[in-house]
Amino acid sequence: DHTPGVGVGEGDQKLAPKLEYCREVVDALLVALATQPPYRLVTVQMVIDLLGEMVLDHTPNPCLNNKDIPKLERAYQLAAKDVAKRFTKKDDHDSLLTNFQKCYKEMSKPIDIEELLTNAVTLLPLAKNAISGIPLEYRRPKGHMESSKKAIQVYLLLRGLRYRLLKINDTEFPLTKTLREEQQIKKQQQIQISDQDAIPCIIIVGKRRERHFLVVHKTLLLVVQHHPTRAGFALVKVVVPLRLQDVKQMQPQASQPNLTVLIKMGPKPHPSAHMHSLGVWSLTLYFEGGEDCNSAHQHLQLSREKSRVKLIKQLLMSLSSDIEGESDDEYEAT
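Overview of the structure. (Residues numbered from 1 in each chain as written. Predicted model: local features only at pLDDT ≥ 70, side-chain atom pairs only at ≥ 80, totals over all residues. Heavy atoms only, no water.)

1. Section: the side chain of H212
Summarising the element assignment, H212 is placed in strand β7 (residues 208-217). Residue classification places H212 among the buried residues on the basis of a relative accessible area of 2%. Within the structure, the side chain of H212 is placed 3.5 Å from the side chain of Q225, a separation counted as a polar contact. (Helix = DSSP H or I, 4+ residues; strand = E, 2+ residues; numbered from the N terminus. Buried < 20%, exposed > 50% of the residue type's maximum accessible area, 1.4 Å probe, protein only. Polar contact = N/O pair within 3.5 Å; in protein donor to acceptor, adjacent residues only side chain to side chain.)

Here it is, written out as structure tokens:
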């Protein structure tokens, strides 16, 4: 049974070019997403990819039946509610941000169909815990932490599908906006620091002692050097998002006061940095006196906390908006 689809794309509710697709299969896929049974994450990924192949990838305008739209919207709202209910306590908010950051980065990796079809794990009985050594996407989650991570992954996958079908760039998602802001400043870029707090520090590269300044600029930790010809300007040498850094070691009693800044994720931030642990870089900043070291320590901790609290608030507001269905009108407007 094949039914012509109705266009759900840009424009004033115009009919898209007719696209025939299997009504029965699409219904089954949408029901699977909307009922949210305890599927493995890889199953959800496959369902979303298959829907994309059937109703999106082979037509200039995504095509869905009018009855399909509420099912997809319901699946999306249920996924948002599933995430929100796991982070109702303030004590869970830091975990919310950490998981969202990890999952947001992982969601950019496309599923490898060939690897999936040749992986014996997909044919074996479902594993139920991490002791099996099987990655989370191939098994059911065990415990609050893994369940929360899977809930976030499902939400992000459904959000991606929803916006793809609407043909709208998802530019307003908090992590997307934050990432865009963080990428506005690059290494070797010139910035004005005459109106900002700049704390003198030293980075040791080999046997060289290089003088720098530590600056907190909006959502970024910057380490800069004076511009050789422009007064009040500096050249950026290190760029680190405040939300991804932490000051883990302070040694005011050492021969020279210093801070060790741990930077999670990303490429090597500076030639003097070294690998602290998997995915974490360590950068040591030295100071002429304990007062500057204490000021830098407090400045970084306070700025990091303010940055993370702001982002957590934005994520919770986004989830609340999704649950309330405030964006339903987008379907009618496109």
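This is not the end of the story, as more comes after the structure.
2. Some points on the pairing of β7
Where burial is concerned, most of β7 is hidden: 7 out of the 10 residues are buried. Pairing geometry for strand β6 (residues 198-205) and β7, over 8 bridges, is antiparallel. Directly across from V205, in β7, lies its bridge partner R208. Sheet analysis places β7 next to strand β8 (residues 220-226), joined by 5 bridges and oriented antiparallel. Bridging from a neighbouring strand, V215 pairs with L222 of β8. As consecutive antiparallel partners, β7 and β8 are separated by 2 residues, and within that stretch K218 has a phi angle of approximately 55°, a positive value. (Pairing = 2+ DSSP bridges.)

3. Re the pattern of salt bridges
Enumeration according to the criterion identifies 12 salt bridges in this entry. Between E73 and R162 there is a salt bridge, and its shortest N-O distance comes to 2.9 Å. Here R162 lies in helix α6 (residues 143-166) and E73 lies in helix α3 (residues 68-84), a separation of 89 residues in the sequence. Of the two residues examined, E73 and R162, each falls in the buried class. Notably, a salt bridge pairs R159 with D322, separated by 3.4 Å at the nearest N-O pair. With R159 in helix α6 and D322 in helix α8 (residues 290-324), this residue pair connects regions lying 163 residues apart in the sequence. Exposure remark for R159: the relative accessible area of 5% places this residue in the buried category. Within the structure, one salt-bridge network assembled from shared partners comprises D82, K85 and R86. (Salt bridge = Lys/Arg side-chain N within 4 Å of Asp/Glu carboxyl O.)

Shape descriptors only; they carry no functional weight alone.
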